[in-house]
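As a plain string of letters, each chain reads:
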Amino acid sequence: MASKISTLAGNLDKLYEFDREPVTPDKLQAWSKFAGMFAGEHVAATEFVIGAFFVLHGVTVRDLLLGLLFGNLLAVLSWALVCAPIAVQTRLTLYWYVRRIAGPGLMVVYNIANAVLYCILAGAMISVSATAVGLAFKIKSPALTDVFPNSVGWVLIAAALGILFTTLAVLGFEKLSRFAQVCSPWIFVIFAAGALATLPKLGVRPDFSNFMEIARTKIWNGVAAAGQEKLGFGHVLFFAWFCNLAMHIGLSDMAVFRYARRWTYGFLTAFGVYPGHMLAWIASGIMVAGIGREMNPGFMAYEAAGLAGVGGLLLAGWTTANPTLYRAGLALQSITPNWPRWKITATAGAVTTVLACFPVVFMKLLDYVALYGLILMPIGAIVFAEHWILPRLGMEQYRAEKRGWIINLPALGVWAGTLIFVFLLPLHLYFKWLPGYVFAVASYTALSAFGRRAPAGGRP
Amino acid sequence: MRRRVFAVLSIVSLALCLAFPILRFLGRISVEGFRSGLLIASVAWFVFAPLWSIKPKKN
């Protein structure tokens, strides 16, 4: 078993070999590059759904605005105060840093978990895009409570779109990534255009004088749709904070910030989250109110901005599903040695396509986003404890690397234990991660202290 | 020089993408006018923007 894990880890190491060494000073990038990159990074097809869901969940206008303002602020602070400082000090990707801390075996487990989660996320993006294509063929969009496909037509469209996105990702990931950079400013403009053009339909006067009244009574009126849970300020705040949890608290954006000259570049994420996770969500909330609060992103985009809106939804889905499929393939490559890139991407795409046929992947998107962050968060907590707390307590760091452990058992135990702990916590799903994070940091520190008394070596 | 022209044209296209919804909001154009204008400006963006913003990959 141990030798098999070693082989898998070796395969994975080869894939990430190019960034094994810390970034050298001559490779550091200016703040403007970070600002530009973040600005185009947070407007995806899922924004069409998330903002609309806040309306359907009966969020009031006050709770929405304050929740997004402070929730996004907390997200920016998490990047700036947690993720960026570790990245700037180590100049390593999360992959190599976790490998030092938790051992190559746990890195394989982390990668596979990541691959599965990426496939579900890409599936949600394809599903959202399928509602746009379904419009042209008069295919009924799934209902809010649908878990399984509601028609053969829906399956055909979701599958066709999944195959198309996968084929394009197989044919040329890099070219598509560069094309995605062209799409991102336009997609954001489409959100703004759709919302602005919907306002007269809702009765907003050209001088904006009654905007707040309309917002309170016709958009975020505090009434949840049938079967939808009522959400408030705390839910919105936590959602905005954790929707990129794997990236900031989970530290996967170390890959980006290792190129930063200073840790303060973490504050530049505000250029991404405030347009993408505040303005775009507000815009999609306005658009869904314009179609009578129906969760049908394709219809919503068409009614708000015509064919350009439909194109915006499709491109938003495609440009974000494309790198997600690529990352899923990269993560899967550890268990598929000697497979060419196309075969791995095609496999990830096939899994994603099947998932995309199930409307539950986007109808339960808010819960999925919460779970996604929750599952990967303990790894960020383990790295945080190892990087900051262990040296302050005079404890030895990087024992897994120094002693050649395949798996750092305390780290594996903390990961599994944290997931059990948060599962049992009698809290709303959105609020579970924070006590879970504290639990993971504390338990990893305690287990590391306990482990120091054990004789060195001899671990599996 | 040519890249600069394409850059200006693409920025104008994007500005038009914003101008049409503003005109619609102010009630100066119809819904159909807004949708057609936005579509044309969008197509223009995708014609001009790649011509200056996507740089050929250096080996």
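Residues numbered from 1 in each chain as written. Chains lettered and ligands numbered in written order. Predicted model: local features only at pLDDT ≥ 70, side-chain atom pairs only at ≥ 80, totals over all residues.

## A closer look at the overall build of chain B
Cut-off, in case you're wondering: By the criteria applied, helices consist of DSSP H or I runs no shorter than four residues and strands consist of E runs no shorter than two, each listed in order from the N terminus. The burial label depends on the number of other C-beta atoms within 10 Å of a residue's C-beta. Counts of 20 or more mean buried, 12 or fewer mean exposed, and intermediate counts mean partly exposed, with C-beta atoms placed from the backbone. C-beta atoms are placed from the backbone for every residue, and two residues are taken to be in contact when these atoms lie within 7 Å.
Counting its regular elements, chain B contains 2 helices and 0 strands. Expressed as a percentage of its 59 residues, the buried residues of chain B come to 29%. Here the analysis covers contacts within chain B between residues at least 6 apart in sequence; of these, 63% occur between residues at least 24 apart.

## What to know about the overall build of chain A
Selection criterion: Restricting the calculation to C-alpha atoms gives the radius of gyration, and the globule rule supplies 2.2 Å times the number of residues raised to the power 0.38.
The helix and strand inventory of chain A stands at 19 helices and 0 strands. For 460 residues, the compact-globule formula gives about 23 Å, and the C-alpha radius of gyration of chain A, at 22 Å, lands near that figure. Taken over the C-alpha atoms alone, chain A extends approximately 70 × 45 × 45 Å along its principal axes. Counting every position in chain A, which comprises 460 residues, the buried fraction comes to 57%. Relative to all contacts within chain A whose residues are 6 or more apart in sequence, the contacts with residues 24 or more apart total 86%.

## Comments concerning unusual backbone geometry
All names here are of chain A. Positive phi outside glycine occurs at K138, with the angle close to 55°. Summarising the element assignment, K138 is placed in the loop between α6 (104-136) and α7 (152-171). Residues other than glycine seldom take positive phi values, yet R293 does so here, at roughly 60°.

## Regarding the confidence of the model for chain A
Residues and elements named next belong to chain A. For clarity, the cut-off: Confidence per residue, as judged by the predictor, is encoded in pLDDT with a range of 0 to 100.
Mean pLDDT for chain A: 89, with 92% of residues reaching 70 or above. Across chain A, the secondary-structure element scoring lowest on mean pLDDT is helix α1 (residues 2-15), at 63, and the one scoring highest is helix α4 (residues 61-90), at 97. For residues 454-460, every residue scores under 50 in pLDDT, and the model assigns this stretch 8 contacts once sequence neighbours within four places are set aside.

## Let's talk about the nonpolar core
Residues and elements named next belong to chain A. Counted only if it meets this: Linking buried Ala, Val, Leu, Ile, Met, Phe, Trp, Tyr and Cys residues through C-beta atoms within 7 Å yields a set, and such a set is a nonpolar core.
By size, the foremost hydrophobic cluster in this structure holds 183 residues, and its most contacted members are V98 and I382. With 20 residues, helix α13 (residues 297-332) is the single largest residue contributor to this core. Ignoring any residue separated from it by four or fewer positions in sequence, one finds I382 in contact with I101, A102, A411, V414, A440 and Y444.

## A look at the packing of α6 of chain A against α13 of chain A
Residues and elements named next belong to chain A. Which entries qualify depends on this criterion: Note on method: axes are straight lines fitted to C-alpha atoms, helices fitted across the in-contact stretch only, with angles between N-to-C directions ranging 0 to 180 degrees. Each angle receives one of four descriptions, namely roughly parallel if under 35 degrees, roughly antiparallel if over 145, roughly perpendicular if within 65 to 115, and oblique otherwise. Here is the rule for handedness: rotate from the far helix to the near one, and if that takes an anticlockwise turn smaller than a right angle the crossing is left-handed, while a clockwise turn gives right-handed. Each residue receives one of three labels: charged for Asp, Glu, Lys and Arg, nonpolar for Ala, Val, Leu, Ile, Met, Phe, Trp, Tyr, Cys and Pro, and polar for the others, Gly being one of them.
Relative to each other, α6 and α13 sit at 160°, their axes nearing to 7 Å. The angle between the axes of α6 and α13 places the two elements in the roughly antiparallel class. At the point where α6 passes α13, the crossing takes the left-handed sense. Here the residues of the contact of α6 with α13 sort into 24 nonpolar, 9 polar and 1 charged.

## Brief notes about helix α1 (residues 2-25) of chain B
All names here are of chain B. Using the following cut-off: By definition here, a helix of n residues has an expected span of 1.5 Å times n minus one.
Taking 1.5 Å per residue as the helical rise, α1 with its 24 residues ought to reach 34 Å, and the 35 Å between its terminal C-alpha atoms agrees with that figure. By the burial criterion, the buried members of α1 are S10, S13, L14, C17, F20, P21, R24 and F25. Looking one or two residues beyond α1, the residue adopting positive phi is G27, at roughly 80°.

## Things to note about the interface of chain B and chain A
Residue-level contacts link 20 residues of chain B with 19 residues of chain A. Within the residue set of the side of chain B that touches chain A, elements represented by two or more residues are α1 and α2 (31-53) of chain B. For the side of chain B that touches chain A, the leading source of residues is α2 of chain B, giving 9 residues. Split into classes, the residues belonging to the side of chain B that touches chain A amount to 15 nonpolar, 3 polar and 2 charged.

## A few points about the environment of I420 of chain A
All names here are of chain A. Among the secondary structure elements, I420 is positioned in helix α18 (residues 409-424). A count of 9 C-beta atoms within 10 Å places I420 in the exposed class. Between the alpha carbons of I420 and G436 there is a distance of 9.5 Å; along the sequence they are 16 residues apart.

## With respect to the environment of M363 of chain A
Considering the arrangement of structural elements, one finds M363 of chain A in helix α15 (residues 360-363). Each residue touching M363 of chain A, except ones within four places of it in the same chain, is listed here: P142, L144 and D146 of chain A.

## Let's talk about the confidence of the model for chain B
The share of residues in chain B with pLDDT of 70 or more is 90%, and the mean pLDDT across the chain is 90. Interface confidence for the predicted complex, expressed as ipTM, amounts to 0.93; the pTM equals 0.89.

## Focus on the environment of K218 of chain A
Structurally, the position occupied by K218 of chain A is in helix α9 (residues 211-219). In this structure, K218 of chain A is in contact with L202 and A289 of chain A, ignoring residues within four places of it in sequence.

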